[in-house]
Amino acid sequence: NFMGQMNKDELHQYSGKEGSKAYVAFEGKVYDVTQSKLWRNGVHLKTHHAGHDLTMAMKAAPHGPEVMERFEAAAELVEEKAAQASSSALKTPGRLVTMILDRHPHPISVHFPIALSISAAFLAILSLWINNHALEKAAFYNMIFAVVATPASIFTGFLSWYYNYGGIWTHIYRMKTYLSIILLILFAVALIVHFAFPASGENGGFRYWCYTISILFMAPTVLGLGYYGGKITFPS
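Reading the values: the criteria
Residues numbered from 1 in each chain as written. Predicted model: local features only at pLDDT ≥ 70, side-chain atom pairs only at ≥ 80, totals over all residues. Heavy atoms only, no water. Helix = DSSP H or I, 4+ residues; strand = E, 2+ residues; numbered from the N terminus. Buried < 20%, exposed > 50% of the residue type's maximum accessible area, 1.4 Å probe, protein only. Pairing = 2+ DSSP bridges.

On to the environment of histidine 104. Topologically, histidine 104 is positioned in the loop between helix 3 (95-101) and helix 4 (105-109). Between the C-alpha atoms of histidine 104 and threonine 156, which are 52 residues apart in sequence, the distance is 8.5 Å.

With that out of the way, let us pick up the side chain of serine 15. You can see serine 15 is positioned in the loop between helix 1 (8-11) and strand 2 (23-26). Overall, serine 15 belongs to the buried group, its relative accessible area being 18%.

This part is about the sheet that holds strand 3 (residues 29-32). Reading across the sheet, the 4 strands line up as 1-6-3-2 and stay open at both edges, with mixed pairing between neighbours. Strands with a single pairing partner mark the edges of an open sheet, and in this sheet they are strand 1 (5-6) and strand 2. The pairing of strand 2 with strand 3 spans 4 bridges and is antiparallel. For tyrosine 23, the partnering residue across the bridge sits in strand 3 and is aspartate 32.

Although it is not a glycine, glutamate 18 adopts a positive phi angle of roughly 55°. Its location among the elements puts glutamate 18 in the loop between helix 1 and strand 2. For glutamate 18, a relative accessible area of 86% translates into the label exposed. A positive phi angle is found at glutamate 27, which is not glycine, with a value near 50°. Looking at where glutamate 27 falls in the secondary structure, it is placed in the loop between strand 2 and strand 3.

Now the structure itself:
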């Protein structure tokens, strides 16, 4: 049973701030999320704000639309059908992209840079502990393989985000982008130091530690990428 109808200007008044209720719209219905702990002060996951239509945002959420069943429908959202159809349209991939996405390349390719970067960091720690040059070499080769595997992971991740999730810029995708940039910087620093100063791994000076620390920081960076990827695949 709906209380009535509401347009978008009226919906904006229910922002959850300054004592007002928190309403959000989804697929033509307005829901009351005021009592939800996930919508304190009208903000959800530092990304979504009450008082807005979340129909498009739901396509990129790490959960399905069934979560809206937990909330009471307070009204029916009134808007032009043409505008609604336009705003909710997903990007349509071509035949080649569809064929690629149907094989889920990102979950496959992303495991390689994650595993290899962690392995490189682990071997680097061992080489520091027992002072074994062979372990340092092994760490370097693991990093090289991680560098080679990373472009495919980033490219397939971009395709999945753009087409499967509507290219919506949520907190999870921002964090994945920032961490990817950090990982690329760490790769670049390690490679530049290694090839520009080939003796840097032997003198224990600034260049040596710059190279080693870059490899060590790859592990927490890829773990962060795995964590945010998991929030998409296995939402809490």
